[in-house]
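So the chains spell out like this:
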Amino acid sequence: MTWALADRIKTSAGVVAAGRAGKGPPLVLAHGWPWSSFSWHRIIPELAQTHSVHWYDMPGYGQSEMRADQRTSLDIQGQVFAEMLDYWQLRKPAVIAHDFGGATTLRAHLLHGCDFDRYVLMNVVAMRPWGSALFDHVGRHVEAFMGLPPHIHAAIVTAYIKGALANDIAAGDLTALIAPWLTTAGSGSFYRQFAQADEAYTAEVEPLFGTIRCPVQILWGADDPWIPLARGQALHALIPHAGFTLLPGLGHLPQLEEAATVIDRLKAFLRR
(Lines give C-alpha, C1' and ligand atoms only; values in the text may rest on other atoms or scores of the structure.)
Protein backbone atom coordinates (compact mmCIF):
# COMPACT_ATOMS: atom_id res chain seq x y z
CA MET A 1 0.00 0.00 0.00
CA THR A 2 1.76 3.13 -1.21
CA TRP A 3 1.07 6.80 -1.76
CA ALA A 4 -0.74 7.54 -5.02
CA LEU A 5 -3.36 9.99 -6.26
CA ALA A 6 -5.75 7.90 -8.30
CA ASP A 7 -8.90 9.97 -7.72
CA ARG A 8 -9.98 13.37 -9.02
CA ILE A 9 -12.69 15.12 -6.99
CA LYS A 10 -14.45 18.38 -7.82
CA THR A 11 -14.55 20.85 -4.92
CA SER A 12 -15.63 24.47 -4.56
CA ALA A 13 -11.97 25.51 -5.02
CA GLY A 14 -11.14 23.29 -7.99
CA VAL A 15 -10.41 19.69 -8.84
CA VAL A 16 -8.51 17.87 -6.11
CA ALA A 17 -6.20 14.86 -6.52
CA ALA A 18 -6.76 12.26 -3.80
CA GLY A 19 -5.96 8.74 -2.70
CA ARG A 20 -6.75 6.14 -0.09
CA ALA A 21 -5.41 2.83 1.17
CA GLY A 22 -5.99 0.23 3.85
CA LYS A 23 -8.92 -1.05 5.87
CA GLY A 24 -10.09 -0.19 9.34
CA PRO A 25 -11.16 2.99 11.17
CA PRO A 26 -10.98 6.08 8.94
CA LEU A 27 -7.96 8.35 9.12
CA VAL A 28 -7.38 11.55 7.13
CA LEU A 29 -4.00 13.21 6.51
CA ALA A 30 -3.81 16.99 6.02
CA HIS A 31 -0.56 18.36 4.58
CA GLY A 32 0.76 21.90 4.78
CA TRP A 33 2.67 24.55 2.84
CA PRO A 34 4.61 24.27 0.56
CA TRP A 35 4.17 20.50 0.57
CA SER A 36 1.64 18.07 -0.83
CA SER A 37 0.22 14.73 0.25
CA PHE A 38 3.54 13.24 -0.89
CA SER A 39 4.93 14.45 2.43
CA TRP A 40 3.04 11.52 4.03
CA HIS A 41 4.32 8.82 1.69
CA ARG A 42 6.69 7.24 4.22
CA ILE A 43 4.05 6.78 6.91
CA ILE A 44 1.03 5.80 4.78
CA PRO A 45 2.02 2.10 4.37
CA GLU A 46 2.31 1.66 8.14
CA LEU A 47 -0.90 3.50 8.97
CA ALA A 48 -2.78 1.59 6.27
CA GLN A 49 -2.11 -1.66 8.12
CA THR A 50 -4.63 -0.64 10.79
CA HIS A 51 -6.68 2.20 9.25
CA SER A 52 -8.50 3.24 6.11
CA VAL A 53 -6.19 6.14 5.26
CA HIS A 54 -7.34 9.07 3.11
CA TRP A 55 -5.24 11.92 1.72
CA TYR A 56 -5.40 14.64 -0.91
CA ASP A 57 -3.45 17.55 -2.35
CA MET A 58 -4.98 20.85 -1.30
CA PRO A 59 -6.32 23.02 -4.15
CA GLY A 60 -3.36 24.92 -5.59
CA TYR A 61 -0.88 22.26 -4.41
CA GLY A 62 0.76 19.10 -5.77
CA GLN A 63 -1.31 17.42 -8.47
CA SER A 64 -4.52 19.32 -7.69
CA GLU A 65 -5.88 22.10 -9.88
CA MET A 66 -3.87 25.32 -10.07
CA ARG A 67 -5.20 28.37 -11.87
CA ALA A 68 -4.57 32.10 -11.87
CA ASP A 69 -7.95 33.15 -10.45
CA GLN A 70 -7.94 30.53 -7.71
CA ARG A 71 -8.39 31.37 -4.03
CA THR A 72 -6.49 28.89 -1.86
CA SER A 73 -6.23 30.73 1.46
CA LEU A 74 -6.82 28.98 4.78
CA ASP A 75 -10.52 29.84 4.91
CA ILE A 76 -11.00 28.08 1.58
CA GLN A 77 -8.86 25.12 2.64
CA GLY A 78 -10.95 24.60 5.78
CA GLN A 79 -14.10 24.53 3.68
CA VAL A 80 -12.55 22.08 1.19
CA PHE A 81 -11.46 19.76 4.02
CA ALA A 82 -15.11 19.60 5.12
CA GLU A 83 -16.14 18.89 1.52
CA MET A 84 -13.62 16.05 1.28
CA LEU A 85 -14.99 14.41 4.43
CA ASP A 86 -18.47 14.63 2.90
CA TYR A 87 -17.24 13.14 -0.37
CA TRP A 88 -15.58 10.23 1.44
CA GLN A 89 -18.64 9.93 3.72
CA LEU A 90 -16.46 10.12 6.81
CA ARG A 91 -18.45 11.28 9.84
CA LYS A 92 -15.83 11.04 12.57
CA PRO A 93 -12.35 10.14 11.28
CA ALA A 94 -9.06 10.40 13.07
CA VAL A 95 -7.11 13.34 11.62
CA ILE A 96 -3.37 13.97 11.41
CA ALA A 97 -2.44 17.53 10.42
CA HIS A 98 0.89 19.18 9.64
CA ASP A 99 1.83 22.84 9.10
CA PHE A 100 -1.07 24.69 7.35
CA GLY A 101 -3.01 21.46 7.68
CA GLY A 102 -3.36 22.48 11.32
CA ALA A 103 -5.23 25.72 10.62
CA THR A 104 -7.15 23.99 7.82
CA THR A 105 -8.47 21.19 10.02
CA LEU A 106 -9.00 23.42 13.05
CA ARG A 107 -11.26 25.60 10.92
CA ALA A 108 -13.10 22.53 9.61
CA HIS A 109 -13.62 21.26 13.17
CA LEU A 110 -14.36 24.52 15.00
CA LEU A 111 -16.18 26.50 12.30
CA HIS A 112 -17.64 23.93 9.90
CA GLY A 113 -18.81 21.33 12.40
CA CYS A 114 -16.57 18.44 11.33
CA ASP A 115 -16.20 15.89 14.12
CA PHE A 116 -12.95 13.97 14.64
CA ASP A 117 -12.40 10.75 16.59
CA ARG A 118 -8.92 11.84 17.62
CA TYR A 119 -6.61 14.53 16.38
CA VAL A 120 -2.84 14.90 15.88
CA LEU A 121 -1.28 18.35 15.37
CA MET A 122 2.32 18.12 14.19
CA ASN A 123 4.41 21.30 13.86
CA VAL A 124 1.28 23.14 12.84
CA VAL A 125 0.43 26.67 11.83
CA ALA A 126 -2.38 27.36 14.29
CA MET A 127 -1.84 30.65 16.08
CA ARG A 128 -0.37 34.08 15.50
CA PRO A 129 2.18 35.26 14.67
CA TRP A 130 3.13 33.15 11.68
CA GLY A 131 4.71 33.81 8.34
CA SER A 132 8.01 35.62 8.00
CA ALA A 133 9.68 38.64 6.45
CA LEU A 134 9.88 36.62 3.23
CA PHE A 135 6.13 35.94 3.36
CA ASP A 136 5.47 39.66 3.67
CA HIS A 137 7.94 40.66 0.96
CA VAL A 138 6.81 38.10 -1.62
CA GLY A 139 3.16 38.81 -0.87
CA ARG A 140 3.67 42.48 -1.73
CA HIS A 141 5.63 41.77 -4.93
CA VAL A 142 3.96 38.67 -6.38
CA GLU A 143 4.00 39.84 -9.99
CA ALA A 144 7.75 40.48 -9.87
CA PHE A 145 8.43 36.99 -8.54
CA MET A 146 6.20 35.38 -11.14
CA GLY A 147 8.44 36.85 -13.81
CA LEU A 148 11.63 35.22 -12.55
CA PRO A 149 13.59 32.96 -14.94
CA PRO A 150 12.84 29.28 -14.27
CA HIS A 151 16.29 28.49 -12.88
CA ILE A 152 16.07 31.35 -10.38
CA HIS A 153 12.57 30.27 -9.35
CA ALA A 154 13.80 26.69 -8.89
CA ALA A 155 16.63 27.90 -6.69
CA ILE A 156 14.22 29.89 -4.51
CA VAL A 157 11.84 26.97 -4.08
CA THR A 158 14.69 24.58 -3.28
CA ALA A 159 16.24 26.92 -0.72
CA TYR A 160 12.87 27.63 0.84
CA ILE A 161 12.02 23.95 1.29
CA LYS A 162 15.49 23.07 2.58
CA GLY A 163 15.11 25.86 5.11
CA ALA A 164 12.40 23.85 6.88
CA LEU A 165 14.69 20.92 7.64
CA ALA A 166 16.86 20.17 10.63
CA ASN A 167 18.14 16.99 8.92
CA ASP A 168 18.76 15.88 5.38
CA ILE A 169 15.97 13.92 3.70
CA ALA A 170 16.26 11.46 0.83
CA ALA A 171 17.21 13.18 -2.43
CA GLY A 172 14.18 11.67 -4.16
CA ASP A 173 11.89 13.04 -1.47
CA LEU A 174 13.31 16.53 -1.86
CA THR A 175 12.90 16.37 -5.64
CA ALA A 176 9.27 15.23 -5.31
CA LEU A 177 8.46 18.06 -2.90
CA ILE A 178 9.93 20.65 -5.25
CA ALA A 179 8.63 19.30 -8.58
CA PRO A 180 4.98 20.53 -8.46
CA TRP A 181 6.13 24.13 -8.07
CA LEU A 182 8.39 24.08 -11.14
CA THR A 183 5.67 23.88 -13.79
CA THR A 184 4.19 27.07 -15.24
CA ALA A 185 1.00 26.60 -13.22
CA GLY A 186 2.95 25.56 -10.16
CA SER A 187 5.19 28.63 -10.25
CA GLY A 188 2.19 30.95 -10.25
CA SER A 189 0.46 29.00 -7.50
CA PHE A 190 3.60 29.02 -5.35
CA TYR A 191 3.72 32.80 -5.18
CA ARG A 192 -0.06 33.20 -4.86
CA GLN A 193 0.12 31.28 -1.58
CA PHE A 194 2.28 34.07 -0.15
CA ALA A 195 -0.11 36.73 -1.39
CA GLN A 196 -3.15 35.02 0.14
CA ALA A 197 -1.61 34.27 3.55
CA ASP A 198 -3.54 36.09 6.28
CA GLU A 199 -3.28 35.69 10.04
CA ALA A 200 -6.98 36.56 10.31
CA TYR A 201 -7.77 32.95 9.44
CA THR A 202 -6.03 31.65 12.54
CA ALA A 203 -7.14 34.57 14.74
CA GLU A 204 -10.71 33.47 14.04
CA VAL A 205 -10.23 30.06 15.67
CA GLU A 206 -7.63 30.72 18.39
CA PRO A 207 -10.27 31.61 21.02
CA LEU A 208 -12.00 28.26 20.35
CA PHE A 209 -9.07 25.89 20.92
CA GLY A 210 -10.33 24.93 24.38
CA THR A 211 -13.54 23.62 22.80
CA ILE A 212 -11.94 20.96 20.58
CA ARG A 213 -14.27 17.96 20.86
CA CYS A 214 -11.88 15.00 20.77
CA PRO A 215 -8.61 13.68 22.21
CA VAL A 216 -5.65 15.69 20.91
CA GLN A 217 -1.96 14.87 20.64
CA ILE A 218 0.58 17.54 19.72
CA LEU A 219 3.83 16.30 18.15
CA TRP A 220 6.61 18.86 17.74
CA GLY A 221 9.99 18.62 16.05
CA ALA A 222 12.09 20.39 18.68
CA ASP A 223 14.52 21.92 16.17
CA ASP A 224 11.91 23.30 13.77
CA PRO A 225 13.58 26.27 11.98
CA TRP A 226 10.19 27.71 10.94
CA ILE A 227 7.87 27.32 13.93
CA PRO A 228 9.84 27.30 17.18
CA LEU A 229 9.19 24.91 20.03
CA ALA A 230 7.87 27.79 22.12
CA ARG A 231 4.96 28.14 19.69
CA GLY A 232 4.11 24.48 20.10
CA GLN A 233 4.18 24.87 23.86
CA ALA A 234 1.94 27.94 23.63
CA LEU A 235 -0.50 25.94 21.52
CA HIS A 236 -0.48 23.20 24.15
CA ALA A 237 -1.39 25.76 26.80
CA LEU A 238 -4.49 26.72 24.79
CA ILE A 239 -5.61 23.08 24.45
CA PRO A 240 -5.50 21.94 28.10
CA HIS A 241 -6.65 18.37 27.41
CA ALA A 242 -4.01 17.75 24.72
CA GLY A 243 -1.00 15.51 25.11
CA PHE A 244 2.37 16.90 24.06
CA THR A 245 5.25 14.85 22.65
CA LEU A 246 8.61 16.39 21.83
CA LEU A 247 10.55 15.00 18.86
CA PRO A 248 14.19 15.79 19.75
CA GLY A 249 16.54 16.70 16.92
CA LEU A 250 13.80 16.92 14.28
CA GLY A 251 12.78 19.94 12.23
CA HIS A 252 9.63 21.05 10.49
CA LEU A 253 9.14 17.83 8.47
CA PRO A 254 9.42 15.02 11.05
CA GLN A 255 7.49 12.60 8.82
CA LEU A 256 10.28 12.74 6.23
CA GLU A 257 13.24 13.48 8.49
CA GLU A 258 12.68 10.46 10.74
CA ALA A 259 9.57 8.56 9.66
CA ALA A 260 10.06 5.62 12.03
CA THR A 261 9.89 7.84 15.11
CA VAL A 262 6.76 9.59 13.86
CA ILE A 263 5.09 6.26 13.06
CA ASP A 264 5.76 4.97 16.56
CA ARG A 265 4.28 8.08 18.17
CA LEU A 266 1.25 8.06 15.90
CA LYS A 267 0.51 4.39 16.44
CA ALA A 268 0.75 4.81 20.21
CA PHE A 269 -1.85 7.59 20.15
CA LEU A 270 -4.16 6.00 17.59
CA ARG A 271 -4.46 2.69 19.42
CA ARG A 272 -5.31 4.17 22.82
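Data block above holds the structure.
Bear in mind the structure is a predicted one, so any value in this text is a computation, not a measurement.

Participant: Run through the nonpolar core, naming residues and quoting values.
Facilitator: Ranked by size, the top nonpolar core spans 69 residues in total, and within it Trp33, Tyr56, Phe81, Tyr119, Leu121, Phe209 and Leu235 carry the most contacts. No other element matches helix α2 (residues 74-88), which puts eight residues into this core. With near-sequence residues (within four places) excluded, Phe209 lies in contact with Leu106, Leu110, Ala126, Met127, Leu235, Leu238 and Ile239.

Participant: Which residues make up the packing of aromatic side chains, and what are the values?
Facilitator: The full count for this structure, using the stated rule, is 21 aromatic pairs. Judged by centre distance (5.6 Å) and plane angle (70°), the ring pair of Trp33 and Trp181 falls under edge-to-face. One end of the pair, Trp33, is in the loop between β3 (26-30) and α1 (44-47); the other, Trp181, is in the loop between α7 (171-178) and α8 (184-196), and 148 residues separate them in sequence. We note that Trp33, like Trp181, is buried. An aromatic cluster of three or more residues is present, and its members are Trp33, Trp35, Tyr61, Phe145, Tyr160, Trp181, Phe190, Tyr191, Phe194 and Trp226. Of note, Arg118 hangs over the ring of Phe269, and the distance from its end group to the ring centre comes to 5.8 Å.

Participant: Outline the pairing of strand β6 (residues 119-124), supporting the account with residue identities and numerical values.
Facilitator: Counting buried residues in β6 gives six out of six residues, a clear majority hidden from the surface. Alignment of strand β5 (residues 94-99) against β6, held across five bridges, turns out to be parallel. Counted as the bridge partner of Ile96 is Val120 from β6. Assessed by its sense of winding, the connection that carries the chain from β5 through helix α3 (residues 100-110) to β6 is right-handed. Bridge count for β6 against strand β7 (residues 216-221) is four bridges, and the pairing is parallel. The residue bridging Tyr119 from the neighbouring strand is Val216, located in β7.

Participant: Residue-level account of empty space enclosed by the protein, with values.
Facilitator: In total, this model carries one cavity of 30 Å³ or more according to the counting rule given. Reported here for the largest cavity is a volume of approximately 60 Å³. Taken together, Tyr61, Thr72, Ser73, Leu74, Phe100, Trp130, Gln193, Gln196, Ala197, Asp198 and Tyr201 make up the lining of the largest cavity. Broken down by class, the residue content of the lining of the largest cavity amounts to six nonpolar, four polar and one charged.

Participant: How would you sum up the packing of helix α6 (residues 150-162) against α7? Please name residues and give values.
Facilitator: Each packed pair of helices is defined by two parameters, the angle between the axes and the distance between the axes. Interaxial distance between α6 and α7 falls to 10 Å at its minimum, and their mutual angle equals 120°. The angle between the axes of α6 and α7 places the two elements in the oblique class. Where α6 crosses over α7, the two elements pack in a sense that is right-handed. Mapping the contact onto sequence places Val157, Thr158, Ile161 and Lys162 in α6 and Leu174, Leu177 and Ile178 in α7. Here the contact of α6 with α7 is composed, by residue class, of five nonpolar, one polar and one charged.

Participant: Please provide a residue-by-residue account of the sheet that holds strand β4 (residues 52-56), values included.
Facilitator: The eight strands are arranged β1-β2-β4-β3-β5-β6-β7-β8 in an open sheet whose pairing can be described as mixed. Where the open sheet ends on each side, the last strands, each with one partner, are β1 (7-11) and β8 (243-247). Strand-to-strand twist in this sheet, taken as the mean axis angle between neighbours without regard to direction, amounts to 20°. Pairing geometry for β1 and strand β2 (residues 14-21), over five bridges, is antiparallel. Following the sheet pairing, Lys10 is matched in β2 by Val15.

Participant: I'd love a proper account of the pairing of β3, names of residues and values included.
Facilitator: In the case of a regular strand, side chains alternate between the two sheet surfaces. The element β3 is largely enclosed, with a buried count of four among its five residues. Relative to β4, β3 runs parallel, the two sharing four bridges. Within β4, the residue paired with Leu27 across the bridge is Val53. Taken together, the four bridges between β3 and β5 define a ladder with parallel strand orientation. Considered in β5, the bridge of Leu27 is made with Ala94.

Rules used in this analysis
Residues numbered from 1 in each chain as written. Predicted model: local features only at pLDDT ≥ 70, side-chain atom pairs only at ≥ 80, totals over all residues. Heavy atoms only, no water. Core = buried A, V, L, I, M, F, W, Y, C linked by side-chain atoms within 4.5 Å. Buried < 20%, exposed > 50% of the residue type's maximum accessible area, 1.4 Å probe, protein only. Helix = DSSP H or I, 4+ residues; strand = E, 2+ residues; numbered from the N terminus. Contact = heavy atoms within 4.5 Å. Phe/Tyr/Trp six-rings, centres within 6.5 Å; stacked < 30°, edge-to-face > 60°. Lys NZ or Arg CZ within 6 Å of the ring centre and 35° of its normal. Pairing = 2+ DSSP bridges. Right-handed = clockwise from strand over helix to strand, strands pointing away. 1 Å grid on protein atoms, 1.4 Å probe; cavity = no way out; pocket = protein on both sides within 12 Å on 5 of 7 lines; lining within 4 Å. Points joined across faces, edges and corners; volume = space filled by probe spheres on them. Nonpolar A, V, L, I, M, F, W, Y, C, P; charged D, E, K, R; others polar. Axes fitted to C-alpha atoms, helices over the stretch in contact; angles between N-to-C directions. Parallel < 35°, antiparallel > 145°, perpendicular 65-115°, else oblique. Left-handed = near helix turned anticlockwise from the far one by under 90°.

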